[in-house]
Amino acid sequence: MDKLAAVDVVNIIAEFSKVIIANRDYLNELDGKLGDADFGTSICAGCCAVEKIIPELGSTKTGFALGKTGTTLVKSMGGASGPLFGTIFMKAGKALGETTEVGVQELANMFAASLSGVKTLGKSDVGDKTLIDALAPASIALEAAAANNSSLQVALANASAAAAQGVEDTKNLVANRGRAHYVGERALGHQDAGATAIQMLFKVFADYVN
Amino acid sequence: MDKLAAVDVVNIIAEFSKVIIANRDYLNELDGKLGDADFGTSICAGCCAVEKIIPELGSTKTGFALGKTGTTLVKSMGGASGPLFGTIFMKAGKALGETTEVGVQELANMFAASLSGVKTLGKSDVGDKTLIDALAPASIALEAAAANNSSLQVALANASAAAAQGVEDTKNLVANRGRAHYVGERALGHQDAGATAIQMLFKVFADYVN
Amino acid sequence: MKKIINAPDHVLQDMLTGMVAAHPDYVRKLPDYNCLVNRLSPIAGKVGIISGGGSGHEPAHAGFIGKGMLDAACIGNVFSSPTPDHFLEAAKAADSGAGVLMVIKNYSGDLMNSQMAEEMAEFEDVKVARVIVDDDVAVKNSTYTTGRRGIAGTIFVHKIAGAMAARGADLAEVKRVAEKTVANVRSMGMALTPCIVPIAGKANFHLADDEVEIGMGIHGEPGINRCKITTADEITSVLLEKIITDLPFAKGDEVAVLVNGLGATPLMELYIVNKKVSEICAERGIKIYRTYVGEYMTALEMAGASISLLRLDGELKSLLDAPADSIAFKQF
Amino acid sequence: MKKIINAPDHVLQDMLTGMVAAHPDYVRKLPDYNCLVNRLSPIAGKVGIISGGGSGHEPAHAGFIGKGMLDAACIGNVFSSPTPDHFLEAAKAADSGAGVLMVIKNYSGDLMNSQMAEEMAEFEDVKVARVIVDDDVAVKNSTYTTGRRGIAGTIFVHKIAGAMAARGADLAEVKRVAEKTVANVRSMGMALTPCIVPIAGKANFHLADDEVEIGMGIHGEPGINRCKITTADEITSVLLEKIITDLPFAKGDEVAVLVNGLGATPLMELYIVNKKVSEICAERGIKIYRTYVGEYMTALEMAGASISLLRLDGELKSLLDAPADSIAFKQF
Ligand SMILES: Nc1ncnc2c1ncn2[C@@H]1O[C@H](COP(=O)(O)OP(=O)(O)O)[C@@H](O)[C@H]1O
Ligand SMILES: Nc1ncnc2c1ncn2[C@@H]1O[C@H](COP(=O)(O)OP(=O)(O)O)[C@@H](O)[C@H]1O
Ligand SMILES: [Mg+2]
Ligand SMILES: [Mg+2]
Ligand SMILES: [Mg+2]
Ligand SMILES: [Mg+2]
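Please read these numbers as outputs of a predicted model, since none were measured by experiment. (Residues numbered from 1 in each chain as written. Chains lettered and ligands numbered in written order. Predicted model: local features only at pLDDT ≥ 70, side-chain atom pairs only at ≥ 80, totals over all residues. Heavy atoms only, no water.)

1. A short note on the sheet that holds strand 15 (residues 330-331) of chain C
Residues and elements named next belong to chain C.
Phase 1: The strand order 4-14-15 describes an open sheet built from 3 strands, whose pairing is antiparallel. Strand pairing shows two members of the sheet lacking a second neighbour, strand 4 (66-67) and strand 15, which therefore form its edges.
Phase 2: In the sheet, strand 4 pairs with strand 14 (residues 324-326) via 2 bridges, with the strands oriented antiparallel. Note that in strand 14 the partner of Gly66 across the bridge is Ser326. (Pairing = 2+ DSSP bridges. Helix = DSSP H or I, 4+ residues; strand = E, 2+ residues; numbered from the N terminus.)

So, in structure tokens, the structure goes:
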């Protein structure tokens, strides 16, 4: 597989939803260490809403399903993560627009857009012990893969590995600001829930092309 | 001792206050079985107020100290027992009035007045598992003693014994109405707190004349 | 016992001080008496309305002092009746010469102390009448009562009598509508947790983690039965069934509803109860004219709620509709 | 978990149904949206005021819908921000064409969802401005915030902005006084017990039988320190000290005071706190212009209280004094 078609994007969205729903309690548990233990419930509500609209996602434009998934997440999640995950998909969709095929360069473009959208909305950055700490390294890995003309498989494998490492790194972060700040040293050893969901997203992408 | 003078009445009131104050926790505990465990606190507050006015109780009229004690109890106790114990002393005082000496007949008169006052105010009667179950038999004992021309010592010993028996009898009562009604069978085995205080009053009288 | 207090035997005085400090435009305190008095009272020609009882039921009763409701309230220690002199002084402060109605809940202590005050008032040339509220349909007798307890339905008596007095009616008329209110109001409560009287320092009963007490009184007196907690809908149905069949409230009746929190119950839960109340009334053809949801007659930090229904006629409706501007009950 | 509810995931809908049933003269619900709207809104020519946030803080925020306060509120799940479409629909329902001010408490979720709504509103031709309330002086950052949390001081923002809008001021002017209120209000709370989010089913922290948490947030977020419970006077002093030195409030300042219950604290205890508040203000020469005591911004059944102080100038005083007739905040 060289490029993802719109239908592949829909399949990936469907698979991501399945994975998230299966990990609801785990994500709640992770959020419980640094926050209010509702991230799993919240993103699960979002993914359930997404599952319901999967039949409506058919289109030749790859951006369509992503954008629609984003607005669905925004409308169904609430909390802090709703706008953030919504933005990730909405910005990704907007970056792809009417494109009918997604290659490595497109993947790099779309997640760069997602990353910048999240940073702006969340007023946060790398090192704040948030989902950005998984999204940023994955995005960088994709840009490197695009520069190196890597295959889709290699690009997504690298991105997934980078996201996984990013999640691992959140364990060692004591944030200077934001929600993880107040727990201070107590946050050490715990990985961020939102970052974990991002890693799951990249793993679904990587597994799909294999 | 044949008759009680006004000063004896004051001494008895003072002694009664002492006894009650010493039995605060015990009376609370008894009330706790059938009510809200505040009777000791309540009557103790009354007796503390009475102790403060003891110096003002000097008079040749035996009714004066009793009446003043009654109004003091009413003003300082609150709850259900305040008006009742206040009435006991107020009615007793009123029955004696300007009398300078209290013999058996006077004792019978004063507690008959107390009893009828309590029944009217409390809308209660013998068998309701209240202080009436101590006051009524004591009052009857005094009337019998008066009819038999018994001595003060015998009359008060009988009254005290009758009150004690009355308290004992409250253990076996399941009231048909009033505050002990709702606890029903659960009230069995527990003596009434108010009746216990009445018994203490008669015991103080009996001990004083010995 | 975990409370924001200074000392168990200071709670009444500290609270009174805090209330006057918060609402100097509504109330003043009588020196030497645990009585709060409407800043405007006595109001010339108006019958005075006073209420009294133990504290621990806030905002009842002093919180209902204000235009169109109470002229004064006398407040006892926690869950303990004030003594007659406090009732008397409250009555005197409320009296403009037109007489005073005492609103008393049916508890032995309140009854006896207020009755003594009524007798004392004669000597002070204050015309006093009393109305005894006994709206709780749960049990016939209870810890402090012979007959039914007076609970949250008392608020309606304050409102109706207050409005009638504000209209300039005489004492007999004010008493008449107060008694009419008592005759038409029925209530019942339930509790999830006990409360702690500060001076006692510990709860006087225990409820298991999954138990509720149906018919609980506002001092923690036992109710009808203790059962496993079920849904809000079921609990509401049980309470309302008992209330409706008692009067009985019938199809076509118009009612005012009061969903009252006992202290620790979130307003969210009271509204959830009210949802079911409105559904049951609709099913039964009972028309809801007005609804009040909130904390009106509490039992310290007890978790639980009571429901009151007041059957209305034209007169009661217009009195209920009248504006009121008290500390805790305001209506434009 | 012991609650009077039907099911953890029904609490929001059941509550909204119960609220509308209780107050049909004040609010209507937007079909398909968790938004309650003033029955009279949009009011021709008037700037709309809306507030939104998670539920569990009742009466905040829908309880402040009414004349002189809010036109609409959108309500999320317990302690969770509503999604942007709910903010948007609330804004649309409140807009008469004069624009809408959104009153938002400083929590990441509320901020982001309302910001998205603000962006979406542009496409719907609704002029929206936002004011962010961050009155809690306890901690700089917390579970859901960057910067200070918004807590009970928000009530003053509703009141002042609502009054300004009722006067017919334009959106910029309404926003100006709202921001002036935010600039002059400081709050801090403390808790005695945790609360339980229905869907979680258990408390997310624990306090020992003799512990209090000073600076606790309204979702149970940690504060400054956990210490042994002392007297109401001491606790009040600690909170007020932090509040007063923060702005700082100075001798000669005139303030409005809000002693707010977090859900399970008896009104009696809130008045006891207010006693000390009034004493401290008197000592420091801070003049209390108005005091509010009660439950305005709660955290489900959490026991505890917060204190808010708002420094007033002539403009804020007259806006605070303006009448208001909302469900839970009424002022003649
Ligand atoms: N300002 C932010 N910027 C980026 N990510 C954030 C921000 N705030 C929260 N997150 C992410 O959202 C996750 C928490 O989401 P969730 O539990 O749904 O929100 P809430 O804090 O409202 O309960 C965190 O694990 C973190 O990755
Ligand atoms: N109606 C009544 N008639 C006679 N005695 C009564 C009546 N009600 C209560 N008592 C007496 O008062 C005592 C309880 O007093 P107390 O605890 O002070 O009152 P409360 O019930 O208000 O807490 C009881 O033990 C009983 O003897
Ligand atoms: Mg969370
Ligand atoms: Mg008792
Ligand atoms: Mg008592
Ligand atoms: Mg959350």
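2. Observations concerning the domain arrangement of chain C
Residue and element names in this part refer to chain C.
Phase 1: Looking at the assigned domains, one finds that chain C contains domain 1 (8-183) and domain 2 (185-331).
Phase 2: Here the C-alpha centroids of domain 1 and domain 2 sit 21 Å apart.
Phase 3: Counting residues at the interface gives 53 residues for domain 1 and 52 residues for domain 2.
Phase 4: Here domain 1 and domain 2 share an interface that buries about 4,200 Å² over both sides, 67% of which is from carbon and sulfur atoms.
Phase 5: Viewed at the interface, domain 2 and domain 1 are joined by 4 salt bridges. (Domains from an automatic or database assignment. Contact = heavy atoms within 4.5 Å. Buried area = accessible area lost by both parts, 1.4 Å probe. Salt bridge = Lys/Arg side-chain N within 4 Å of Asp/Glu carboxyl O.)

3. Some words on the coordination of the magnesium ion (ligand 5)
Phase 1: Taken together, the protein donors to the magnesium ion (ligand 5) comprise Asp36(B) (OD) and Asp38(B) (OD), at separations of 2.1 to 2.2 Å.
Phase 2: A relative accessible area of 25% means that Asp38(B) is categorised as partly exposed. (Donors = N, O, S within 2.8 Å, 3.2 Å for Na, K, Ca; no water. Buried < 20%, exposed > 50% of the residue type's maximum accessible area, 1.4 Å probe, protein only.)

4. Things to note about the environment of Asp32(C)
Residues and elements named next belong to chain C.
Phase 1: Note on placement: Asp32 falls in the loop between strand 1 (27-29) and strand 2 (35-38).
Phase 2: Given the relative accessible area of 71%, Asp32 is considered exposed.
Phase 3: On a C-alpha basis, the gap between Asp32 and Lys330 in space is 29 Å, while along the polypeptide they are 298 residues apart.

5. Regarding the packing of aromatic side chains
Phase 1: In total, this model carries 19 aromatic pairs over all chains according to the counting rule given.
Phase 2: Where Phe39(B) meets Phe85(B), the ring centres are 5.6 Å apart and the plane angle is 40°; that geometry is what we call tilted. Within this pair, whereas Phe39(B) is found in helix 3 (residues 39-53), its partner Phe85(B) is found in helix 5 (residues 81-96), the two being separated by 46 residues in sequence. For the pair formed by Phe39(B) and Phe85(B), the shared burial category is buried.
Phase 3: Seen in terms of ring centroids, Tyr292(C) and Tyr296(C) are 6.5 Å apart; in terms of plane orientation they differ by 80°. Their pairing is edge-to-face. (Phe/Tyr/Trp six-rings, centres within 6.5 Å; stacked < 30°, edge-to-face > 60°.)

6. Here we look at the site of ligand 1
Phase 1: Around ligand 1, the structure places 18 residues, and the nearest of them are Asp38(A), Ser81(A), Ser124(A), Asp192(A) and Gly194(A).
Phase 2: Residue neighbours of ligand 1 fall on chains A and D, so the site bridges chains.
Phase 3: Ala80(A) is positioned with one of its backbone polar atoms (N or O) 2.9 Å from an oxygen atom of ligand 1.
Phase 4: When the free accessible area of ligand 1 is taken as 560 Å², the share hidden by the protein chains comes to 95%.
Phase 5: Elements that contribute at least two residues to the shell around ligand 1 include exactly helix 3 (39-53), helix 5 (81-96) and helix 9 (193-208) of chain A.
Phase 6: Of the residues in the shell around ligand 1, the class split is 6 nonpolar, 7 polar and 5 charged. (Near = heavy atom within 4 Å. Polar contact = N/O pair within 3.5 Å; in protein donor to acceptor, adjacent residues only side chain to side chain. Areas by Shrake-Rupley, 256 points an atom, 1.4 Å probe, with all protein chains shown as cover. Nonpolar A, V, L, I, M, F, W, Y, C, P; charged D, E, K, R; others polar.)

7. Here's the deal with the arrangement of the chains
Phase 1: Taken together, the 3 pairs of chains in contact show their highest number of contacts between chains C and D.
Phase 2: There is a gap between chain B and chain D: no contact, and a shortest C-alpha distance of 20 Å.

8. A word on the state of the cysteines
Phase 1: Scanning all chains against the criterion turns up 0 disulfides over all chains.
Phase 2: Lacking any disulfide linkage, Cys44(A) is separated from the closest cysteine sulfur, that of Cys48(A), by 4.6 Å.
Phase 3: We note that Cys35(C) lacks a disulfide partner, and the nearest cysteine sulfur, in Cys74(C), lies 5.2 Å from it. (Disulfide = S-S within 2.5 Å.)

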